[in-house]
Amino acid sequence: MGSHDTHRSIYADGFDRIPGMKHSPMDPSRQPNCDRAMGICSHQRSLMRWLCTCIVSIVTIWSSPNWAMAQGSVSPADVQQAIEDLLQYFRRTQNRQAKDGPVGAWQGHQDQKTGLTSLVVLALLSAGRKPNDTEVARAMDYIRSEPPMQVYEASLQIMAMCLAEPGRDRALIERNVDWLIQAQQADGGWAYRQDRGASDESNTQFAVLALWEASRIGIEIPQPVIQKGRTYWLNKMSPAGTWGYRGDPKPLGSMTCAGIASMLILEDASATQDARAQGNQIQCCTQGAAEAYDLEKSLRWLADNFSVTQNPGSAAWYMYYMYGLERVGRLSGQRFIGQHDWYREGCDAIVGPKNSRLMGVTQGSAGIESAAARAMALLFLSKGKRQVVIGQLQHSTDPQDRDWNRHRKSIQHLTGHIELAWKRDLAWQTIKLQRATLPDLLETPVLFITGSQEFVLSAQQRRMIKDYIDQGGFIFAEACAQEGCDGQAFDVSFRREMEMIFDKPFQKLPPNHPVWSAEARLDPSALPDGFWLYGIEACCKTSIIYSPISLTCRWELSKPYGAKPQYSKAVSSQLDNAVKIGLNVVAYATGRELKDKLEAVQIVQSDMNRQVLDRGTLTLPKLMHSGGGDETPKALSNLVEVFRRETKAMVDPKTPKLSATSTELEKYPLVYIHGRTKFAFSEAEQQGMRNHFINGGMVLGDAICGSEEFTKSMREEFGKLFPDAKWQLLPVDHPLLLKDGPGGYDLRNVSLVDPGRGDVDLAKAKREGPAEIEALEWNDRIIVLFSPNDLSCAMESKHSLQCRGYVREDAFRIGINFLLYSQLH
């Protein structure tokens, strides 16, 4: 037993002693199905057989769960360390004295004066440094002191000032914007300097990026400037949707990324909206202006020539290309370019073992000095790791069919509003249904579905959607209906599909549902007639929320950044309410808790067809009762699967349902019980449970969603089985809660979600502390271990802000400790 010996001892009678608890041998004469000569009961024989099969496996359990799917060789911690290494590099290399050059500057690309320093500041701020941090403040003083002389310099100054202190530097930003507008060439592009010259794709890209950042802080960019820039990129584009340098027909990865990103920005700034407002009326599904640019064509070339180890088409400018690749992935909402997870593969290339943490970051970056290459590496790692908050499902089978995206800027705008509310940079993405897998869906916490035409899923897609919800996902959907949209076909078919998958109809969400106040308080009675939300309950919460009226139309009209259009009071009220609904649904679904982009998705699924041995295998039945004994049907099988993966123990994936009166009960030393409402044992059930405990059996359990009704019934119904039985809260030093006790995890500091704290901000709703475990003691041993806080909802799918209970990882840890402790006691 090794380290366990200091906390418990095995006595000759076969019963464990826990310090502080009295023990005496159980009299076999009082117990049915006991071997009086050996002093062992049937349940003890079963438990001992199983114990022998896995005792070696439970001596050590890793401190972090290994039940997540491994995806890639680089972890979030690896990337963060690489970011810290780069930040340290820039701290070391900044000029601090005039004898080294301008104070606050970084050496390199001297022809661009403040250009390199502005690029480094942009990278530092993107990596989380603050404007008042010493090296940033020092650099910004230098940038402010130098008027721009070239396009790169003017552009990078704007980008740095917009991200640092835009209020303070607005006059300087406006000065540089005017400078860039004057520098635009006749063909719509930009050259190196303000005077007339040969424009090129690289200078033009930086000018477009700068003007876009300026527009996001409310500086209006004249439409002729935008349209001339758009014309420039379209004229330079090849029939394959690619770009070279200065019109060279040979495509380059770096210039193609520059073209894609610039076109996405200029299309967004152009008047191509798919919704309009006139007077007090909103018009949806207007089709907007036709886009002359085919993004899919450019992405196909990038996918066919994809690389994260060199600039496609060139042996130089590697990090410049990677900096552009990140921008393409983020602005287009693409997690995958072709079959390639661009950020994960890029991180593997930049910080993976082959490069030993950035040792090779400047290789293949000829033309870029070391500091600039490192700044671009820092930008790729920092901006690319933005957490995904919502993903839009591309469900149309025809690539030319935009029914899945009637209002093309809507999700981008909603994400912007969420960024403002949460005060952090976020990302959105597009998920193509025809090629999606369950792990792909699980990369996004909220799956958004919209349309007007008939929505039909295949049998395999229905299973995947069900699994997505079972694994903690959330569906937010709307029909593009009313105000010019005919969404009746989608409304009927989407309801049918969801009701087929989840075997229950949509219900109108009541006014007191937390979704109405999750982020921004909204009075549902103030909404227009027919504007309501409907939901389907799954996994202890509302997991599908549906609007039969278009929200995306209103999100499209509601710009989160820049100069706001002027609407009538009636229209502004509608847009404001639609944005609040979007904010509330996403906050309700996530609790503001998002997965790191490189964090492996967590999938727990039992293989019900796995063959098991009859002897030495643990089967954990579920005790049925009248209080909702099967409300979380997958929770127990998920626990058993995670336990198997963690301990390598022989366990049966099946969890048979048994009543307390079943004769089958005597076969199982351990039984699990959970529920959500009050229940009571009949006299026959009481006797069945007495026999179970007299035979040496044990019961484990929890209250689904932290139900107080069920907890009260548990205490009363089990407490009255034996007059001398007594409930107690396990002390913090009890062996069950200790890592080096019979359990595998330290449960003295776990995370409990309490809906009464912090509204829907999960960080505020959490409290840390020891697991609250109640034990029923009888005849000097624990016969019931029970958590009054939820384990089952978290193990079924994911912890919910509607339930008082433990976060998913800790719920599994508590369940594993229950099983490990019970097998030794």
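Please refer to the structure placed before this passage.
My aim in this report is to walk through the structure given alongside it, one point at a time. All values derive from a computational prediction rather than experimental measurement. (Residues numbered from 1 in each chain as written. Predicted model: local features only at pLDDT ≥ 70, side-chain atom pairs only at ≥ 80, totals over all residues. Heavy atoms only, no water.)

### Section: the overall build of the chain
Spelled out, the test is: Only DSSP runs of H or I covering at least 4 residues are called helices, and only runs of E covering at least 2 are called strands; the numbering of each starts at the N terminus. Here the term buried applies to any residue with accessible area under 20% of the maximum for its type, exposed to any over 50%, and partly exposed to those in between, with areas from a 1.4 Å probe on protein chains only. Whether two residues are in contact is decided by their heavy atoms: any pair within 4.5 Å suffices. Here the open area of atoms and residues is found with the Shrake-Rupley method and a 1.4 Å probe, where only the protein chains shown may cover a residue.
The number of helices and strands found in the chain is 25 helices and 25 strands. The buried share of the chain, taken over its 825 residues, is 60%. Sequence separation of 24 or more characterises 74% of the internal contacts of the chain that already satisfy a separation of 6 or more. Per element, the accessible surface of the chain, about 32,200 Å² overall, is 50% carbon and sulfur.

### Focus: the state of the cysteines
For the record, the criterion: Cysteine sulfurs are considered disulfide-paired once they come within 2.5 Å of each other.
Counted according to the given criterion, the structure contains 3 disulfides. The disulfide bridge from Cys284 ends at Cys553, spanning 2.0 Å between sulfur atoms. Note on the Cys284 and Cys553 pair: the S-S dihedral is about -80 degrees, so by sign convention the disulfide is left-handed. Of this pair, Cys284 sits in the loop between strand 6 (281-283) and helix 10 (295-304) while Cys553 sits in helix 18 (residues 552-557); the two residues are 269 residues apart in sequence, bridging distant segments of the chain. Of the two residues examined, Cys284 and Cys553, each falls in the buried class. With its sulfur 1.7 Å from that of its partner, Cys705 forms a disulfide with Cys803. Taking the torsion about the sulfur-sulfur bond, which here is approximately -85 degrees, the covalent link between Cys705 and Cys803 counts as left-handed. Taken together, the positions of Cys705 in the loop between strand 19 (698-703) and helix 22 (708-719) and Cys803 in the loop between helix 24 (792-796) and strand 25 (805-806) put the pair 98 residues apart, joining distant regions of the chain.

### Things to note about the packing of helix 11 (residues 318-332) against helix 12 (residues 342-351)
The geometry of a pair of packed helices is captured by two quantities: the angle between their axes and the separation between those axes. Quick note on the threshold: Axis definition: a line fitted to C-alpha atoms, limited for helices to the stretch in contact. Angles are taken between N-to-C directions and run from 0 to 180 degrees. Orientation labels follow simple angle bins: below 35 degrees gives roughly parallel, above 145 gives roughly antiparallel, 65 to 115 gives roughly perpendicular, and whatever is left gives oblique. Crossing handedness follows the turn of the near helix against the far one: under a right angle anticlockwise gives a left-handed crossing, and clockwise gives a right-handed one.
Interhelical geometry of helix 11 versus helix 12 gives an angle of 155 degrees and a closest axis separation of 10 Å. By the angle between their axes, helix 11 is roughly antiparallel relative to helix 12. Pair helix 11 / helix 12 crosses with left-handed handedness. Judged by residue contacts, Tyr318, Met319, Met322, Leu325, Glu326, Gly329 and Arg330 of helix 11 engage Trp342, Gly346, Ala349 and Ile350 from helix 12.

### With respect to unusual backbone geometry
Glycine aside, negative phi is the norm for most residues, and most peptide bonds take the trans geometry. Of note in this structure, Trp317 is not a glycine but carries a positive phi near 60 degrees. Take Trp317: it is sitting in the loop between helix 10 and helix 11. For Asp503, which is not glycine, the phi torsion reads 60 degrees and is therefore positive. By relative accessible area, Asp503 is classed as exposed at 68%.

### Section: the side chain of Gln686
Within the fold, Gln686 resides in helix 21 (residues 683-694). Judged by its relative accessible area of 15%, Gln686 is buried. In this view, Gln686 contacts Phe681, Glu717, Lys720 and Leu721; residues no more than four positions away in its chain are not counted.

### Thoughts on the pairing of strand 23 (residues 774-778)
Basically, it comes down to this: At least two bridges found by DSSP between two strands is the condition for calling them paired.
Summarising burial for strand 23: 5 of the 5 residues are buried, a large majority. Residues Glu774, Leu776 and Trp778 of strand 23 are buried on one face, and the alternating residues Ala775 and Glu777, pointing to the opposite face, are buried as well. Here 4 bridges tie strand 20 (residues 726-729) to strand 23, and the two strands are oriented antiparallel to one another. Bridge assignment links Lys726 to a residue of strand 23, and that residue is Glu777. Here strand 23 pairs with strand 24 (residues 781-787) via 5 bridges, running antiparallel.

### With respect to the nonpolar core
In plain terms, the rule: To form a nonpolar core, buried Ala, Val, Leu, Ile, Met, Phe, Trp, Tyr and Cys residues must be joined to one another through side-chain atoms within 4.5 Å.
Counting residues in each nonpolar core, the largest one holds 97 residues, and the members touching the most others are Leu180, Leu325 and Leu381. When residues no more than four places from it in sequence are discounted, the contact partners of Leu180 are Val151, Ala154, Ser155, Ile158, Trp190, Ala207, Ala210 and Leu211. Leu442, Val446, Met464 and Ile469 belong to the second-largest nonpolar core, a separate cluster that totals 67 residues.

### What to know about the packing of aromatic side chains
Inclusion rule: For Phe, Tyr and Trp, where Trp contributes only its six-membered ring, two rings pair if their centres lie within 6.5 Å, and the inter-plane angle classes them as stacked under 30 degrees, edge-to-face over 60, or tilted in between. Each ring is checked for a lysine NZ or an arginine CZ that lies within 6 Å of its centre and within 35 degrees of its normal; such an atom marks a charge sitting over the ring.
For the structure on display, the rule yields 32 aromatic pairs. Centroid distance Phe206 to Tyr323: 6.4 Å. Interplanar angle 40 degrees. Geometry classified as tilted. One end of the pair, Phe206, is in helix 7 (residues 201-216); the other, Tyr323, is in helix 11, with 117 residues separating them in the sequence. For the ring pair Phe490 and Phe494, a centre distance of 5.4 Å and an interplane angle of 10 degrees mean the geometry is stacked. Here Phe490 and its partner Phe494 are both found in helix 17 (residues 488-502), 4 residues apart, which amounts to about one turn of the helix. Phe494 matches Phe490 in its accessibility class, with the two residues each being buried. Every member of this aromatic cluster is reached through a ring pair, and the members are Phe679, Phe681, Phe693, Phe710, Phe718, Phe722, Trp727, Trp778 and Phe786. Of note, Arg216 hangs over the ring of Tyr561, and the distance from its end group to the ring centre comes to 4.0 Å.

### So, the environment of Gln227
With respect to the helices, strands and loops of the structure, Gln227 is situated in helix 8 (residues 223-236). On a C-alpha basis, the gap between Gln227 and Ala269 in space is 9.1 Å, while along the polypeptide they are 42 residues apart.

### Observations concerning the sheet that holds strand 21 (residues 750-753)
Here we have 3 strands laid out as an open sheet, ordered 22-21-25, and antiparallel in their pairing. On the outer flanks of this sheet lie strand 22 (766-769) and strand 25, each paired with one strand and no other.

### A few points about the sheet that holds strand 15 (residues 541-547)
Taken in spatial order, the 7 strands line up as 10-9-11-12-15-14-13 in an open sheet, and their pairing is mixed. Looking at strand neighbours, the two that pair on one side only are strand 10 (427-432) and strand 13 (507-508), the edges of this open sheet. Inspection of the sheet shows strand 14 (residues 534-538) paired to strand 15 by 5 bridges, in the antiparallel sense. Residue Tyr534 lies in a different strand from strand 15, and its bridge partner there is Tyr546. Where helix 19 (residues 569-590) meets the sheet, its contacts fall on strand 9 (388-394), strand 12 (475-479) and strand 15, and the angle it forms with strand 15 comes to roughly 160 degrees.

### Examining the pattern of salt bridges
Note the following rule: Salt-bridge detection follows one rule: a side-chain nitrogen of Lys or Arg within 4 Å of a carboxyl oxygen of Asp or Glu.
Applying the stated criterion across every chain, the model contains 46 salt bridges. Measuring nitrogen to oxygen at the nearest pair gives 2.8 Å for the salt bridge that ties Arg645 to Glu641. Of this pair, Arg645 and Glu641 both sit in helix 20 (residues 635-647), separated by 4 residues, roughly a single helical turn. The two residues Arg645 and Glu641 agree in class, both being buried. One salt bridge connects Glu809 with Arg813, and the closest N-O pair in it is separated by 2.8 Å. Pair noted here: Glu809 and Arg813 are both in helix 25 (residues 808-824), with a separation of 4 residues, about one helical turn. Owing to a relative accessible area of 28%, Glu809 belongs among the partly exposed residues under this scheme. Through salt bridges with shared partners, one network takes in Asp141, Arg144, Glu165, Arg168 and Asp169.

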